[in-house]
Amino acid sequence: MTENCISILGSTGSIGVNTLKVTEKLKGQFKIKYISGYNNYKLLIEQAEKFKPEFIVTSDDHYTKIRDILKRASVKVIAGSEGLKQSCQDAEVGTVVNAIVGSFGLKPTVYALEKGKKVCLANKESLVMAGSYIKKLSKKTGASIIPIDSEHSAMLQALNGEERSSLEKIILTASGGPFRKKSGSLENVSIEEALNHPKWSMGKKISIDSATLMNKGFELIEAVHLFDISPAKIEVVIHPESIVHSLMQFIDGSVIAQLGLPDMMLPIQYALTYPKRSKLKLPRLDLSELGKLTFHKPDRKKFPALDLACRAAEEKGTLPVVLNTVNEIMVYKFLAGRIKFTDIVNNVGKEMDAHTNIKNPTIENICELSDELWKKFK
Ligand code: NAD
Ligand code: MG
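Worth saying up front: this structure is predicted, and the values here are computed from it rather than measured.

Before we move on, could you go through the coordination of the magnesium ion (ligand 2) and cite the residues and values that matter?
Around the magnesium ion (ligand 2), the protein contributes the donor atoms D149 (OD), E151 (OE) and E219 (OE), which lie 2.1 to 2.3 Å from the metal centre. Site description for the magnesium ion (ligand 2): donor spacing in sequence, D-x1-E-x67-E. Taken as a pair, E151 in helix 7 (residues 150-159) and E219 in helix 10 (residues 214-226) lie far apart in primary sequence, 68 residues in all. Across the pair, exposure class does not vary: E151 and E219 are buried alike.

As structure tokens, then:
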């Protein structure tokens, strides 16, 4: 197993494409053995031709089409969950970048951790649904989880060289999303308005999660597991400029932050090269040009997703699975024009209220519950 031999899951998505760009900039430092994509098969083929992985993993639906197109190329085409499992557990692969969106990213995370891999994790949904299980598993197998999420990358960087026991509090920053300044009800906002994130260009699902602030709720749960801290010790602060990516407060009152212009290439590269740094040619921060950075408290009435996520983080068990999966289903319903924007979080709350929490769930309990919820809301 070599750390420099990598699998990139979700290579056709926003994080996946940026990960390929980073490996290109790091010239020859990484051997890309697998790339995987689910729906944009044309891009997957282009990537296979350009980056020449040994394998591409695709959905069962696109398998025959891709195999026929790439018949004469040396790349092998594999499909479905068995294909994903192989890409995560291949003996030569040392690092798995999980940039799959949503609850379908959980199993690949588990597959990779089972084999003691380094997992560069963009798929925060894995930690939201099964954080306790995943942490235990990685301890058992010696696997490591390095966050790609910019806030958690900032936390990791700020914690570098510090004793974990010196950490007192995490300050998790949020841009506030497209509706930060909008007054009145959000009930009738359009899909286009909700997708129009002021600072980041991302996949559709996380863009909607950013508009409801559910993304920040997920990130709170992500931080609970990654840094083994109670939810009460994480403060969410709105910081519209998205320059300070998060801050760590220590027991002597010192606060250490990581700053940078918003670009996912940086946290992706840091995760890949961690604990080392490599050169990265991107525009640099110019503080005097920026002039000022602002911070304020979130409006928890306007964005009830934050309190729902805090509740799920406190109560643990299977409640975070309900939070995650019902949210995901509702986001796709909103994107399909079937429900209103405010119904996303309202329906998550209703389903959480109706749920009988299972404490200390097994991974099977978690996956079964998630599958049941997908069936229920089909
Ligand atoms: P995206 O929609 O752009 O890409 C998703 C990728 O997952 C695609 O390659 C798609 O083919 C693949 N995929 C979708 N469903 C799949 C399935 N059922 N099985 C296998 N593959 C599947 O999403 P994104 O914005 O790149 O986000 C990916 C993950 O990274 C999410 O968990 C998101 O929360 C997280 N993240 C993204 C950003 C960002 O800037 N985009 C920042 C932080 C964290
Ligand atoms: Mg983030």
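What follows picks up the thread again.
Quick rundown of the pattern of salt bridges? Include the residues and the values.
When the charged atoms of two side chains lie near each other, side chains of opposite charge can form a pair. Going through the model one piece at a time under the given rule, you end up with 19 salt bridges. A salt bridge links K118 to E3, with the nearest nitrogen and oxygen atoms 3.4 Å apart. One end of the pair, K118, is in strand 6 (residues 118-121); the other, E3, is in strand 1 (residues 2-9), with 115 residues separating them in the sequence. Classification of E3 by relative accessible area gives partly exposed; the value is 42%. The partner of E235 in a salt bridge is K169, and the shortest N-O contact between them spans 2.7 Å. Taken together, the residues E235 in strand 9 (residues 234-238) and K169 in strand 8 (residues 167-174) connect sequence positions 66 residues apart. Residue K169 is classed as partly exposed on the basis of its relative accessible area of 24%.

Would you mind going over the sheet that holds strand 7 (residues 144-147) in detail, with residue names and values included?
Ordered by their spatial adjacency, 7 strands build an open sheet running 4-3-2-1-5-6-7, and the pairing between neighbours is parallel. Edge positions in the open sheet fall to strand 4 (76-79) and strand 7, since each of these has one partner strand only. The sheet shows a mean angle of 25 degrees between the axes of neighbouring strands, direction not considered. Pairing analysis gives 4 bridges linking strand 3 (residues 55-58) to strand 4, with the strands arranged parallel. By the bridge assignment, T58 is partnered in strand 4 with A79.

Please give an account of the site of ligand 1 that cites residues and values.
Taken together, 22 residues lie around ligand 1, and T12, S14, Y38, E125 and G203 are the ones closest in. One of the backbone nitrogen or oxygen atoms of I15 is found 2.9 Å away from an oxygen atom of ligand 1. Interatomic distance of 3.4 Å between a backbone N/O atom of A122 and an oxygen atom of ligand 1. Bound to the protein, ligand 1 loses 89% of the 830 Å² it would expose on its own. When contributions to the shell around ligand 1 are tallied by element, the ones reaching two or more residues are helix 1 (14-25) and helix 6 (124-141). Among the residues forming the shell around ligand 1, the class breakdown is 10 nonpolar, 9 polar and 3 charged. Residues lining the shell around ligand 1 come from more than one domain, with at least three contributed by each of domain 1 (2-147) and domain 2 (152-262 + 282-376).

Which residues make up the sheet that holds strand 8, and what are the values?
The 4 strands are arranged 9-8-10-11 in an open sheet whose pairing can be described as mixed. Among the strands making up the open sheet, the edge pair consists of strand 9 and strand 11 (255-259). Averaged over all pairs of adjacent strands, the angle between their axes in this sheet comes to 20 degrees, without regard to strand direction. With 5 bridges connecting them, strand 8 and strand 9 associate as parallel partners. Paired with T173 across the strands is V237, a residue of strand 9. Of the strands in this sheet, strand 8, strand 10 (244-250) and strand 11 touch helix 7, which is tilted by about 40 degrees from strand 10.

An account of unusual backbone geometry is needed here, citing residue identities and associated values.
For the peptide bond that leads from Y274 to P275, omega is 5 degrees, which places it in the cis range. Within the secondary structure layout, P275 lies in the loop between helix 11 (265-273) and helix 12 (287-290). For L213, which is not glycine, the phi dihedral falls at a positive 70 degrees. Tracing the sequence through the fold places L213 in the loop between helix 9 (204-212) and helix 10. With a relative accessible area of 3%, L213 lands in the buried category. Look at N360: it is not a glycine, yet its phi comes out positive at around 45 degrees. For N360, the position within the fold is in the loop between helix 15 (341-354) and helix 16 (363-376).

A description of a positive patch on the surface should follow, citing residues and the corresponding values.
A cluster of basic side chains, namely K21, K25, K27, K279 and K281, defines a positive patch on the protein surface. For K281, the position within the fold is in the loop between helix 11 and helix 12.

What counts and what doesn't
Residues numbered from 1 in each chain as written. Chains lettered and ligands numbered in written order. Predicted model: local features only at pLDDT ≥ 70, side-chain atom pairs only at ≥ 80, totals over all residues. Heavy atoms only, no water. Donors = N, O, S within 2.8 Å, 3.2 Å for Na, K, Ca; no water. Helix = DSSP H or I, 4+ residues; strand = E, 2+ residues; numbered from the N terminus. Buried < 20%, exposed > 50% of the residue type's maximum accessible area, 1.4 Å probe, protein only. Salt bridge = Lys/Arg side-chain N within 4 Å of Asp/Glu carboxyl O. Pairing = 2+ DSSP bridges. Axes fitted to C-alpha atoms, helices over the stretch in contact; angles between N-to-C directions. Near = heavy atom within 4 Å. Polar contact = N/O pair within 3.5 Å; in protein donor to acceptor, adjacent residues only side chain to side chain. Areas by Shrake-Rupley, 256 points an atom, 1.4 Å probe, with all protein chains shown as cover. Nonpolar A, V, L, I, M, F, W, Y, C, P; charged D, E, K, R; others polar. Domains from an automatic or database assignment. Contact = heavy atoms within 4.5 Å. Patch = residues over 30% accessible without salt bridge, like charges linked within 9 Å, V, L, I, M, F, W, Y side chains within 5 Å. Lys, Arg positive; Asp, Glu negative; His and termini not counted. Charge placed at Lys NZ, Arg CZ, Asp CG, Glu CD.

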